[in-house]
Amino acid sequence: MKLPPLLVYTVLRLLAFVVPLGILWLFPVFREYWWLAALFAALIGMSISLLFLRAPLSQASREIYAKRNRDKGPSDEDAEDRLAGE
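Residues numbered from 1 in each chain as written. Predicted model: local features only at pLDDT ≥ 70, side-chain atom pairs only at ≥ 80, totals over all residues. Heavy atoms only, no water.

How do you make sense of the environment of Ser-61 when you look at a structure like this?
With respect to the secondary-structure elements, Ser-61 resides in helix α4 (residues 54-70). On the basis of relative accessible area, Ser-61 is assigned to the partly exposed category, the value being 39%. Placed 45 residues apart in sequence, Ser-61 and Ala-16 show a C-alpha to C-alpha distance of 19 Å. (Helix = DSSP H or I, 4+ residues; strand = E, 2+ residues; numbered from the N terminus. Buried < 20%, exposed > 50% of the residue type's maximum accessible area, 1.4 Å probe, protein only.)

In structure tokens:
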């Protein structure tokens, strides 16, 4: 069973945030300043995503593009081009 690329990317992005957040909460200073731990975890997660999750993001983007353009019939430009050629 192959998982949808969007689901894979979403889970990996969540893990890139939750794992650093859990590690930061192990430090006593971040238990008191939880908002600072969340901020640092978001920055770490964003960095991990930019560095390591480029391929899953590309796959998810391709799938979304394909789904959005699959049901479209010929565009107006195509119809005009055919009429102009006649």
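So what exactly am I meant to see when it comes to the packing of helix α1 (residues 5-24) against helix α3 (residues 34-52) here?
Two quantities define a packed helix pair, namely the angle between the axes and the distance from one axis to the other. The N-to-C vectors of α1 and α3 enclose an angle of 140°; their axes lie 8 Å apart at closest approach. The angle between α1 and α3 places the two elements in the oblique class. Classified by chirality, the crossing of α3 by α1 is right-handed. Taken together, the residues of α3 that come into contact with α1 (itself represented by Tyr-9, Arg-13, Ala-16, Phe-17, Pro-20, Leu-21 and Leu-24) are Ala-37, Ala-38, Phe-40, Ala-41, Ala-42, Ile-44, Gly-45, Ile-48 and Ser-49. Within the contact of α1 with α3, the residues separate by chemical class into 13 nonpolar, two polar and one charged. (Axes fitted to C-alpha atoms, helices over the stretch in contact; angles between N-to-C directions. Parallel < 35°, antiparallel > 145°, perpendicular 65-115°, else oblique. Left-handed = near helix turned anticlockwise from the far one by under 90°. Contact = heavy atoms within 4.5 Å. Nonpolar A, V, L, I, M, F, W, Y, C, P; charged D, E, K, R; others polar.)

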